[in-house]
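# Architecture and fold: a report
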Amino acid sequence: QVQLVESGGGLVQAGGSLRLSCAASGRTLSSVTMGWFRQAPGKEREFVAASSWRGGNTNYADSVKGRFTISRDNAKNTVYLQMNSLKPEDTANYYCAARGGSALQIGPTEYDYWGQGTQVTVSS
């Protein structure tokens, strides 16, 4: 059983930056993939980024490639999403997720554990 808690969301102007954090606790897995997803009102939850915890392999949605960076701090059991050059289209509730295994899955149904979400709002 894994618990995930996101933080770092807020209001930012277009072109600005935010760093989201996801603190993980509970049973340690030998292999785990961490993912970030987002969901705007009236839209489906969509993939943003994923990273294997050990190997550090990453995968990004085309919409955020070159602007967002997923990273981790092993000592703190925390994964981050650095968001730069933010656009109004990035406005959404952002969720941290985890799954067993190292495959960088992009489908929300592939992930077993979820945080409560943190709101990111980008103004024009």
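Residues numbered from 1 in each chain as written. Predicted model: local features only at pLDDT ≥ 70, side-chain atom pairs only at ≥ 80, totals over all residues. Heavy atoms only, no water.

### A word on unusual backbone geometry
Its identity is not glycine, yet N77 carries a phi of approximately 50°, on the positive side. Looking at the element boundaries, N77 is found in the loop between strand 7 (68-73) and strand 8 (78-83). (Helix = DSSP H or I, 4+ residues; strand = E, 2+ residues; numbered from the N terminus.)

### Digging into the pattern of salt bridges
A full pass over the atoms with the stated rule returns 4 salt bridges. Residue K65 is joined to D62 by a salt bridge in which the shortest nitrogen-to-oxygen separation is 3.2 Å. The class for D62 is exposed, based on a relative accessible area of 67%. Through salt bridges with shared partners, one network takes in R38, E46, R67 and D90. (Salt bridge = Lys/Arg side-chain N within 4 Å of Asp/Glu carboxyl O. Buried < 20%, exposed > 50% of the residue type's maximum accessible area, 1.4 Å probe, protein only.)

### Concerning the nonpolar core
M34, W36, L81, M83 and Y94 are the most contacted members of the largest nonpolar core, which totals 33 residues. Mapped by element, the contributors of at least two residues to this core are strand 1 (2-7), strand 3 (18-26), strand 4 (32-39), strand 5 (46-52), strand 7, strand 8, strand 9 (92-100) and strand 11 (118-123). At 5 residues, strand 9 tops the list of elements feeding residues into this core. Other than its neighbours up to four places away in sequence, L81 contacts L18, R19, L20, W36, V48, A49, F68, T69, I70 and Y94. (Core = buried A, V, L, I, M, F, W, Y, C linked by side-chain atoms within 4.5 Å. Contact = heavy atoms within 4.5 Å.)

### Description of the environment of N57
If you trace the backbone, N57 turns up in the loop between strand 5 and strand 6 (58-60). Here the alpha-carbon distance between N57 and T33, two residues 24 residues apart in the chain, equals 9.3 Å. Apart from residues no more than four positions distant in its own chain, N57 is found in contact with A50, S51, S52 and L104.

### As for the layout of surface pockets
Each pocket or cavity is described by its volume, and for the second largest pocket that value is around 160 Å³. In terms of residue class, the lining of the second largest pocket is built from 2 nonpolar, 3 polar and 8 charged. (1 Å grid on protein atoms, 1.4 Å probe; cavity = no way out; pocket = protein on both sides within 12 Å on 5 of 7 lines; lining within 4 Å. Points joined across faces, edges and corners; volume = space filled by probe spheres on them. Nonpolar A, V, L, I, M, F, W, Y, C, P; charged D, E, K, R; others polar.)

### Re the sheet that holds strand 8
Across the sheet, which stays open at both edges, the 4 strands sit in the order 1-3-8-7 with antiparallel pairing between neighbours. Both outer strands of the open sheet, strand 1 and strand 7, are each paired with one neighbouring strand and no more. Neighbour-to-neighbour, the strand axes of this sheet turn through a mean angle of 20°, independent of strand direction. (Pairing = 2+ DSSP bridges. Axes fitted to C-alpha atoms, helices over the stretch in contact; angles between N-to-C directions.)

That's the geometry; what it means functionally is another story.
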